[in-house]
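Here is how the chains run, residue by residue.
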Amino acid sequence: MEQKEEQMGLTVKKSDDFNEWYNQVVLKADMIDYSLVSGCIVFKPNSYAIWEKIQKAFNDKITKSGHKNCYFPMFIPESLLKKEAEHVEGFSPEVAWVTRAGDTELNEKLAIRPTSETIMYESYAKWIRSWRDLPLLLNQWNSVVRWEFKHAKPFLRTREFLWQEGHTAHSTKEEAEKEVMQQLFEYVDLIENYMAIPVIAGKKTDKEKFAGADYTTTVEAFMPDGKALQMGTSHMLGQNFAKVFGIKFLDKDEKEKFAWQTSWGLSTRTIGAIVMMHGDDKGLVIPPRLAPVQIIIVPIVFKENKEPIIAKAKEISKKLKARNYSVELDDRDGYTPGWKFNEWELKGVPLRIEIGPKDVASEQLVLVRRDTSEKQTIKINDLEKKVEQVLDEIQNSLLKKAKEYLKKSVIEAHNFNDFANAVKSKKMAKALFCGQSECETLIKDKAEGATCRCIPFEQKPAKGHCVQCGKEAKSWAVFGKGY
Ligand code: 87F
């Protein structure tokens, strides 16, 4: 047993070797497995269940605002993909193709979707005729393939990943712009209040925006290894695609107009962010609102008194299930309570209930928080009330801790020296910026590859000079190394 315990747990500390720690957590918490396809992972139930919870939370939001889910083919004819040359150009080395079926060469190559703009907008052009057909508010949950050659990293960089992609068409620019922001702030809510990860919301610079968009908005998180991670993105596509695909409608004023479009996406890389942000030396820590198992009940049994304890544990489990918590009772024989504690801690279950002979006798039990290891003994009568309270506390305190980390990770830099030092010390630098792409390029060269993460929507007056060129600044911008 002892030996097994050693192999099961993490062998490195998060602060000693972050990359190795991450790899061990995702494997040992049984979230993923590697596969024979290089750069692709298996999402095992322990991670897929988190994705399902994310899907549910986000689906509820977009359904309320009138969006509908749909599904388009994963194959995109070459001619269609190449139709909008500008946006695909930079991406083309990553596109994977189907060229053959059995022994038959296909007449036209089929791309495996890297994103669905082209295949969807070809249909939009057919479906949209009049202002009555607008807005068109569609979303897809699917997987996309981008054949990257950089080193793969579970959840963060894999050749196939899962996401949602929302694609909307509107009759006015104002309405489309409102949609861009509405969806971005749905991401903010999802990421902060479910994933317990604070983000900086803002606009991408022209250099960093999606080439097919008029502008791109983003939510950026900052990971414990000192790298920023884009958690979601929402694009104002303007009429760019409408013009290429002929998405036109007859407006109320009898004039024919091009539709205004948006697209927005959030992917399974956010699961990687949850692991990195909240995990610790014991393993995964899953925020209660996304935890596949929220409460694990471990009975502390000895041979002679097993039955009454298990009976009580089952009763507790039933009570909590009735309140819609996901609860598991670990009544396996042949494992010590301590061994079970380690395993469920490794898997990130937010709350543990311990119940032993003395507890049964005095109608009480012990609650143990995964995030702080805090223990409290409570009366079984108070069970539902206390569990709700403690799960809320865990959810809130994970966010609070992450917020403090983000706050201390953004350094306001007033000259280039401070700027470069901030990046060097694994922080982000917030600085006055002129907005020119040339300055971004120079910053990248001079400050360890730092890029502009975003121009935050929340701005102080930008009086002063660009941190790079010294010319008049347009805004405050946040720079840092990225994933
Ligand atoms: C890779 C290959 C081909 C990203 C690609 O951000 C095309 C692309 O268009 C490509 N990688 N993109 C940009 C995706 C834009 C947009 N699509 C909908 C999103 C969110 C969801």
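Quantities reported herein were computed from a predicted structural model and do not represent experimental measurements.

Caption draft 1: Region of the structure containing the site of the ligand. Within the structure, the ligand sits among 17 residues, and H87, F91, T115, E117 and H235 are positioned closest to it. In the environment of the ligand, a nitrogen atom lies 2.9 Å from a nitrogen or oxygen atom belonging to the side chain of T115. A distance of 3.3 Å is found between a nitrogen atom of the ligand and a side-chain nitrogen or oxygen belonging to R146. The fraction of the free accessible surface of the ligand (470 Å²) that becomes covered by protein chains is 94%. Among the secondary structure elements, those contributing two or more residues to the shell around the ligand are β8 (160-170), β11 (228-238) and β14 (260-267). Broken down by class, the residue content of the shell around the ligand amounts to 6 nonpolar, 7 polar and 4 charged.

Caption draft 2: Representation of the confidence of the model for the protein. Mean pLDDT over the protein: 96, with 98% of residues reaching 70 or higher. Confidence over residues 1-6 falls short of pLDDT 50; this stretch has 8 contacts with residues more than four positions distant or in other chains.

Caption draft 3: Just the sheet that holds strand β18 (residues 364-369), in detail. What the 5 strands build is an open sheet, ordered β16-β15-β17-β18-β19; its pairing is mixed. Since the sheet does not close on itself, it has two edges, and those belong to β16 (327-329) and β19 (375-379), each with one partner. Geometrically, the sheet is characterised by an average inter-axis angle of 25° between neighbouring strands, direction not taken into account. Relative to β16, strand β15 (residues 295-299) is paired through 3 bridges, and the arrangement is parallel. When the bridges of β16 are listed, I296 appears paired with E328. Sitting on the sheet, helix α13 (residues 383-409) touches β15, β17 (351-355), β18 and β19, and the angle it makes with β18 is about 10°.

Caption draft 4: The arrangement of the packing of helix α3 (residues 45-64) against helix α9 (residues 269-278) in detail. Running from amino to carboxyl end, α3 crosses α9 at an angle of 110°, the nearest separation of the two axes being 10 Å. One way to sum up the angle between α3 and α9 is to call them roughly perpendicular. Between α3 and α9 lies a crossing of right-handed hand. Across the interface between the two elements, S47, I50, W51 and I54 from α3 touch T270, I271 and I274 from α9.

Caption draft 5: Fine view of the pattern of salt bridges. What the rule picks out here adds up to 28 salt bridges. Two residues, E315 and K312, come together in a salt bridge whose shortest N-O distance is 3.4 Å. You can see E315 and its partner K312 sitting in helix α10 (residues 306-322), 3 residues apart, about one turn around the helix. Residue classification places E315 among the partly exposed residues on the basis of a relative accessible area of 37%.

Caption draft 6: Region of interest: the sheet that holds strand β3 (residues 68-69). Read across the sheet, 11 strands follow the order β3-β7-β8-β14-β11-β10-β9-β22-β23-β21-β20 without closing on themselves; strand pairing throughout is mixed. Two strands in the sheet have a free side with no partner beyond their single neighbour: β3 and β20 (410-412). For strand β9 (residues 200-203) and strand β10 (residues 215-222), the ladder comprises 4 bridges, and the chain directions are antiparallel. By the bridge assignment for β10, G202 is matched with T218.

Caption draft 7: Representation of the environment of H167. Inspection of the secondary structure puts H167 in strand β8. Classification of H167 as buried rests on a relative accessible area of 1%. Along the chain, H167 and H67 lie 100 residues apart, while their C-alpha atoms are 9.5 Å from each other. Among all residues touching H167, those that are not within four sequence positions of it are S116, E117, M120, Y121, Y124, L136, L137, L138, T262 and S263.

Caption draft 8: Representation of a nonpolar patch on the surface. A contiguous nonpolar surface patch, about 240 Å² in accessible area, is contributed by M181, F185 and F457. Turning to its location among the elements, F185 is positioned in helix α7 (residues 173-193).

Caption draft 9: Spatial organisation of the environment of E122. Mapped onto the elements of the fold, E122 is located in helix α6 (residues 117-127). The spatial distance from the C-alpha of E122 to the C-alpha of Y483 is 33 Å, given a sequence separation of 361 residues. Discounting residues that sit within four places of it in the chain, E122 has contacts with L80 and F245.

Caption draft 10: Quick look at the packing of aromatic side chains. Summed over all chains, the structure comprises 20 aromatic pairs. Pairing F58 with W141 gives two aromatic rings, centres 6.3 Å apart and planes at 85°, and the pair type is edge-to-face. Placement of F58 in helix α3 and of W141 in strand β7 (residues 136-145) is noted, with a sequence separation of 83 residues between them. Under the relative-accessibility criterion, W141 is labelled buried at 16%.

Caption draft 11: Representation of helix α11 (residues 337-346). When you tally the buried positions in α11, you get 7 out of 10 residues, the bulk of the element. Looking at α11, one finds that the buried residues are W339, K340, F341, E343, W344, E345 and L346. The first or second residue beyond α11 is G348, which carries a positive phi of 85°.

Caption draft 12: The arrangement of the pairing of β15 in detail. Of all the 5 residues making up β15, 5 are buried; the element is thus mostly covered by neighbouring parts of the structure. Note that β15 and β17 share 5 bridges and pair parallel. Within β17, the residue paired with V298 across the bridge is E354.

Caption draft 13: Molecular detail of the environment of I54. Among the secondary structure elements, I54 is positioned in helix α3. It is 20 Å that separates the C-alpha atoms of I54 and R323, two residues lying 269 residues apart in sequence. The contact partners of I54, leaving out residues within four places of it in the chain, are L190, M195, L266, T270, I271 and L290.

Caption draft 14: Focus on the side chain of T115. Within the fold, T115 resides in the loop between β6 (104-112) and α6. A distance of 2.6 Å separates a polar atom in the side chain of T115 from a polar atom in the side chain of E117. The contact partners of T115, leaving out residues within four places of it in the chain, are I76, V144, R146, W163 and E165.

Reading guide: rules and limits
The residue numbers shown here count from 1 along each chain, following its written sequence. Restriction of local features to residues with pLDDT of at least 70 applies here, the model being predicted, together with a cutoff of 80 or more for giving and counting side-chain atom pairs; totals for whole chains, interfaces and linings are based on all residues. Side-chain calculation: all heavy atoms of the structure are included, whereas hydrogens and water are not. One heavy atom within 4 Å of a molecule or strand makes the whole residue count as near it. Identification of polar contacts relies on pairs of N or O atoms within 3.5 Å, with a donor-acceptor requirement for protein atoms, meaning one able to donate a hydrogen and the other able to accept it, and with residues adjacent in sequence counted only if both atoms are side-chain atoms. Surface exposure here means Shrake-Rupley accessible area, sampled with a 1.4 Å probe, where a residue is shielded only by the protein chains that are shown. Here a helix means four or more residues in a row that DSSP labels H or I, a strand means two or more in a row labelled E, and each is numbered from the N terminus. When residues are sorted by character, Ala, Val, Leu, Ile, Met, Phe, Trp, Tyr, Cys and Pro go into the nonpolar class, Asp, Glu, Lys and Arg into the charged class, and all the rest, Gly among them, into the polar class. Every residue is assigned a pLDDT by the predictor, reflecting its confidence on a scale from 0 to 100. Residues count as neighbours in contact if any of their non-hydrogen atoms are within 4.5 Å of one another. DSSP bridges decide pairing: two strands pair if at least two such bridges lie between them. Axes here mean lines fitted to C-alpha atoms, for a helix over just the part in contact, with angles spanning 0 to 180 degrees between N-to-C directions. An angle counts as roughly parallel when it lies under 35 degrees, as roughly antiparallel when it exceeds 145, as roughly perpendicular when it falls between 65 and 115, and as oblique in every other case. Left-handed describes a crossing whose near helix is turned anticlockwise from the far helix through less than a right angle; right-handed describes the clockwise counterpart. By salt bridge we mean one thing: a side-chain nitrogen of Lys or Arg within 4 Å of a carboxyl oxygen of Asp or Glu. A simple rule labels every residue: compare its accessible area, found with a 1.4 Å probe on the protein chains alone, to the largest value its type can have, and call it buried under 20%, exposed over 50%, or partly exposed in between. Put simply, a patch holds well-exposed residues, over 30% relative accessible area, that have no salt bridge, with like charges counted together within 9 Å and Val, Leu, Ile, Met, Phe, Trp or Tyr side chains within 5 Å. Pairs were defined over the aromatic rings of Phe, Tyr and Trp, the Trp ring being its six-membered one, requiring ring centres within 6.5 Å. Orientation was assigned from the angle between planes: stacked under 30 degrees, edge-to-face over 60, tilted for the rest.

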